[in-house]
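One letter stands for each residue in the lines below.
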Amino acid sequence: QVQLVESGGGLVQAGDSLRLSCAASGGTFSSYVMGWFRQAPGKEREFVAGITRSGGSVLYADSVKGRFIISRDNAKNTVYLQMNSLKPEDTAVYYCAAKSARAWAQVFMRTYEYDYWGQGTQVTVSS
């Protein structure tokens, strides 16, 4: 079983950047597909970005494509989300998630596909 702890959230202005980190422990990190999701008040949790076990392939929601970058460092058991050109509509609690997978080329987009979740980190973007 893997434990996930997010960090790096905060209050920023529109146009600023933030880098979220998610540190994993208790499992073999490279065996997990990793994803970032977010949930704004009154809305459902939504997919933001996902990355394969090796980090060789990534997937983004249309709303963040070109602005956010997901990456992972399997030696450090950490996945990152670099968020650039932030907008007020990016305000949400951001969660990282892990899914045990055998295939190296899989990425998952749906919340029910993930096995483990962090506690979330708040990102607030002011206009």
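Being a predicted model, the structure only gives us computed values, none of them experimental.

(A) Structural detail: the pattern of salt bridges. The tally for this structure, following the rule as stated, stands at four salt bridges. Measuring nitrogen to oxygen at the nearest pair gives 2.6 Å for the salt bridge that ties R38 to E46. Residue classification places E46 among the partly exposed residues on the basis of a relative accessible area of 35%. A salt bridge links D62 to K65, with the nearest nitrogen and oxygen atoms 3.1 Å apart. A single salt-bridge network, built from bridges that share partners, covers R38, E46, R67 and D90.

(B) Representation of the state of the cysteines in the model. Per the counting criterion, the structure on display carries one disulfide. Bridging C22 to C96, the disulfide has an S-S length of 1.9 Å. Its torsion about the S-S bond being 40°, the disulfide of C22 and C96 is classed as right-handed. Of the two residues, C22 is situated in strand β3 (residues 18-25) and C96 in strand β9 (residues 92-100); the sequence distance between them amounts to 74 residues.

(C) Examining the sheet that holds strand β7 (residues 68-73) more closely. Pairing is antiparallel across the open sheet formed by four strands, whose spatial order is β1-β3-β8-β7. The outermost strands of the open sheet, each flanked by one partner alone, are β1 (3-7) and β7. The mean inter-strand angle of the sheet, taken between neighbouring strand axes irrespective of direction, is 15°. The pairing of β3 with strand β8 (residues 78-83) spans six bridges and is antiparallel. Within β8, the residue paired with S21 across the bridge is Y80.

(D) Highlighting the nonpolar core. Ranked by size, the top nonpolar core spans 37 residues in total, and within it M34, W36, L81, M83 and Y94 carry the most contacts. When residues of this core are traced back to their parent elements, those giving at least two are β3, β4 (32-39), β5 (46-51), β7, β8, β9 and β11 (121-126).

(E) Main features of unusual backbone geometry. Phi at N77 is positive, roughly 55°, even though this residue is not glycine. Residue position: N77 is located in the loop between β7 and β8.

(F) Layout of the pairing of β8. Within β8, five of the six residues are buried, which leaves the element mostly enclosed by the surrounding structure. Note: β7 against β8, six bridges, orientation antiparallel. When the bridges of β8 are listed, I70 appears paired with L81. Between β7 and the antiparallel strand that follows it, β8, lie four residues; N77 among them carries a positive phi value of about 55°.

Rules used in this analysis
Residues numbered from 1 in each chain as written. Predicted model: local features only at pLDDT ≥ 70, side-chain atom pairs only at ≥ 80, totals over all residues. Heavy atoms only, no water. Salt bridge = Lys/Arg side-chain N within 4 Å of Asp/Glu carboxyl O. Buried < 20%, exposed > 50% of the residue type's maximum accessible area, 1.4 Å probe, protein only. Disulfide = S-S within 2.5 Å. Helix = DSSP H or I, 4+ residues; strand = E, 2+ residues; numbered from the N terminus. Pairing = 2+ DSSP bridges. Axes fitted to C-alpha atoms, helices over the stretch in contact; angles between N-to-C directions. Core = buried A, V, L, I, M, F, W, Y, C linked by side-chain atoms within 4.5 Å.

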